[in-house]
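Here is what each chain is made of, one letter per residue.
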Amino acid sequence: MHNIKINAVRLSLTDTLYSGQSFMWNYLYDNRNISAGILCDTPVLISTESTEEIEIICASSWMGEMPPEEFFPDYFSFDVDVRNAFPEKFTFRYPCVWEQLQKYFSLRILRQDPFEAMITFMCAQGIGMRIIRNQVSLLARTYGKRYDIMYRDRPLTLYGFPSPVLLAGCDPLELSICTNNNRTRARNIILASRAVAEGNVDFNALRDDNIPLEEVRRRLCELNGIGLKIADCIALFGLGRFDAFPVDTHVRQYLAEWFGSTAALRPLTPSTYLTLDAEARTIFNPALAGYAGHLLFHCWRKEVKKLRWF
DNA sequence: CCCCAGGCTTTTC
DNA sequence: GAAAAGCATGGG
C-alpha cells in the first residue's frame, strides 16, 4: 500500500459529464457510477451519482501546491463557454445540426498532460476506439506507477501514466504488447518519449499562446509517427490550444455531410487537411474551432453513426 | 475476403 | 509541388 493523500472536491455540473479527451475516464476502472482515469500521471476517480454534481478524488502529491477547488475547474476548462465557439449565424444556417448539438454542450475538453496526450494519440492511428483504449490501459497497467487506495471502504487499484523517461527506456518488442502488436508504433513512442525526456520537445515552451499553431505543428511533426492530425490533437488536448482543429475520418465525414464541404469528399491528404482546417475557421469561431469540432465529433459519432464507444 | 478504424510515410507523377 | 500507393493490425 502506498501512503497517499486523498484530495476530494465536488463540482457542480449542468448535465452529465462527457470526457473531453476520449481515453480519460474508463481505461482503468469502470462501473455504473465510478470511472477512473489518469490526471498528470496521477489516478483520478470521477463519481457521477447525480447529474448535478461530480466527485473527484485525486490521489496526488502534485496538488499540494494548488487547492483542488482551484485546479479542477481549470482542468475541466470551465472558464470556456462553448457556445462562444459558434457564431450567431450558425444557429439559422445549420438548424438541424444546432438542434442535435444541444445535449453536447456539457462536454468539456480537458487541459490534459501533454505527454499523455501525445502518447495516447500516437496509439490512435487507423484503429478503433476500443483498441485505442486497450492500448492506453495496457501502457498504464504495465509501466505506470501503481496506487492502492480505499474508496468508500473498498480497496481500489489505479495505475498512473508512465513517465517519458520510463517509456524512453523500453524495449520496442516488449512495448509492442501495449501497442496492438505494432512494433513501428512502439518504436515511434520510444523515440518520442526520448525527445521529451531529453528536452528536444519542450511542452512548457510550446504552451506559450504567442507561438503560432503552425509552429507548434511544425515542431511536433518532426517526430516519427506524428503528422498534422496528431499534432493538432496534442495541441488541443495537451496544450490547451482550443483553436487547433484536428481533422480525422469522422470530422471529414461530418464536414461533408453537415456543412457541404466538397473538399471533405477528397482523400484526407495534407493538402486536403489544410483546406478543411481553413474551412472550419469560417464555420466556427476560430479561437474555439477545435472545441466546437470536438462537440460535433461526439455528436456525429453518437447521433449519426450510432457508435457506442467514446 | 471485404471494409473500416480519431493516419503516417514513401513513392510516383 | 501534390496525388497515389504502401504500411500495419484487430474487429465487424
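All values reported here derive from a predicted model rather than from experimental measurement. (Residues numbered from 1 in each chain as written. Chains lettered and ligands numbered in written order. Predicted model: local features only at pLDDT ≥ 70, side-chain atom pairs only at ≥ 80, totals over all residues. Heavy atoms only, no water.)

1. A few points about the overall build of chain A
Phase 1 of the analysis: Within chain A one finds 14 helices and 7 strands.
Phase 2 of the analysis: For chain A, buried positions account for 54% of its 310 residues.
Phase 3 of the analysis: Nonlocal contacts in chain A, meaning residues at least 24 apart in sequence, comprise 66% of its contacts between residues at least 6 apart.
Phase 4 of the analysis: Summed over its atoms, the accessible surface of chain A is roughly 14100 Å², and 49% of this surface lies on carbon and sulfur atoms. (Helix = DSSP H or I, 4+ residues; strand = E, 2+ residues; numbered from the N terminus. Buried < 20%, exposed > 50% of the residue type's maximum accessible area, 1.4 Å probe, protein only. Contact = heavy atoms within 4.5 Å. Areas by Shrake-Rupley, 256 points an atom, 1.4 Å probe, with all protein chains shown as cover.)

2. Brief notes about the protein's contact with DNA strand C
Phase 1 of the analysis: Around DNA strand C, a shell composed of Ile127, Arg130, Ile131, Asn180, Asn181, Asn182 and Ser271 is seen.
Phase 2 of the analysis: Across the atoms of DNA strand C situated within 4 Å of the protein, the share located in sugar and phosphate is 92%.
Phase 3 of the analysis: Separating a phosphate oxygen of DNA strand C from a side-chain N or O atom of Arg130 is a distance of 3.4 Å.
Phase 4 of the analysis: Note that a phosphate oxygen of DNA strand C is positioned 2.7 Å from one of the side-chain N or O atoms of Asn181. (Near = heavy atom within 4 Å. Polar contact = N/O pair within 3.5 Å; in protein donor to acceptor, adjacent residues only side chain to side chain.)

3. Concerning the pattern of salt bridges
Phase 1 of the analysis: This structure, assessed with the given rule, holds 10 salt bridges.
Phase 2 of the analysis: Arg111 is the partner of Asp74 in a salt bridge, and the nearest nitrogen-oxygen pair spans 3.3 Å. With a gap of 37 residues between them, Asp74 in helix α1 (residues 68-75) and Arg111 in the loop between α3 (95-101) and α4 (114-122) connect regions that are remote in the sequence.
Phase 3 of the analysis: What makes Asp74 partly exposed here is its relative accessible area of 35%.
Phase 4 of the analysis: When its relative accessible area of 22% is taken as the criterion, Arg111 is described as partly exposed.
Phase 5 of the analysis: Bridged by salt links that share partners, the residues Glu215, Arg218, Arg219 and Glu222 form one connected network. (Salt bridge = Lys/Arg side-chain N within 4 Å of Asp/Glu carboxyl O.)

4. Looking at the nonpolar core
Phase 1 of the analysis: With 78 residues, the main nonpolar core has Phe86, Met118, Phe203, Phe259 and Phe284 as its most contacted residues.
Phase 2 of the analysis: Broken down by element, this core gets its largest block of residues, 8 residues, from helix α14 (residues 289-304).
Phase 3 of the analysis: With sequence-adjacent residues up to four places away left out, Phe284 is seen in contact with Ala85, Phe86, Pro87, Phe90, Phe245, Phe259, Ala289, Ala292 and Leu296.
Phase 4 of the analysis: Phe71, Tyr75, Phe76 and Leu110 belong to the second largest nonpolar core, which has 5 residues in total. (Core = buried A, V, L, I, M, F, W, Y, C linked by side-chain atoms within 4.5 Å.)

5. So, the state of the cysteines
Phase 1 of the analysis: For the structure on display, the rule yields 0 disulfides.
Phase 2 of the analysis: Cysteine Cys299 remains unbridged, with the sulfur of Cys96 as its closest cysteine sulfur at 11 Å. (Disulfide = S-S within 2.5 Å.)

6. Considering the packing of aromatic side chains
Phase 1 of the analysis: Per the stated rule, a full pass over the model turns up 18 aromatic pairs.
Phase 2 of the analysis: An aromatic cluster is present here, built from Phe86, Phe90, Tyr94, Trp98, Phe105, Phe245, Tyr254, Trp258, Phe259, Phe284 and Trp300 joined pairwise through their rings. (Phe/Tyr/Trp six-rings, centres within 6.5 Å; stacked < 30°, edge-to-face > 60°.)

7. Considering the confidence of the model for chain A
In regions of low pLDDT, the predicted coordinates are not meant to be interpreted in detail.
Phase 1 of the analysis: On average, chain A scores 82 in pLDDT, and the residues at 70 or more come to 77%.
Phase 2 of the analysis: Here strand β2 (residues 29-30) is the element of chain A with the lowest mean pLDDT, 43, and helix α8 (residues 183-197) is the one with the highest, 98.
Phase 3 of the analysis: Under a pLDDT of 50 for its full length, residues 13-34 has, in the predicted model, 97 contacts with residues more than four places off or in other chains. (pLDDT = per-residue confidence, 0-100.)

8. What about the side chain of Asp243?
Phase 1 of the analysis: Mapped onto the elements, Asp243 comes out in the loop between α11 (228-238) and α12 (249-259).
Phase 2 of the analysis: Judged by its relative accessible area of 18%, Asp243 is buried.
Phase 3 of the analysis: Setting aside anything within four residues of it in sequence, one finds Asp243 in contact with Leu213, Arg281, Pro286, Ala287, Ala289 and Gly290.

9. Focus: the environment of Met122
Phase 1 of the analysis: Position of Met122 among the secondary structure elements: in helix α4.
Phase 2 of the analysis: Accessibility expressed as a relative area gives 1% for Met122, which makes it buried.
Phase 3 of the analysis: Along the backbone, Met122 and Asn188 are 66 residues apart, and their C-alpha atoms lie at a distance of 8.3 Å.
Phase 4 of the analysis: Not counting the four nearest positions on each side in its chain, Met122 is found in contact with Arg185, Asn188, Ile189, Ala192, Asn224, Ile226 and Ile230.

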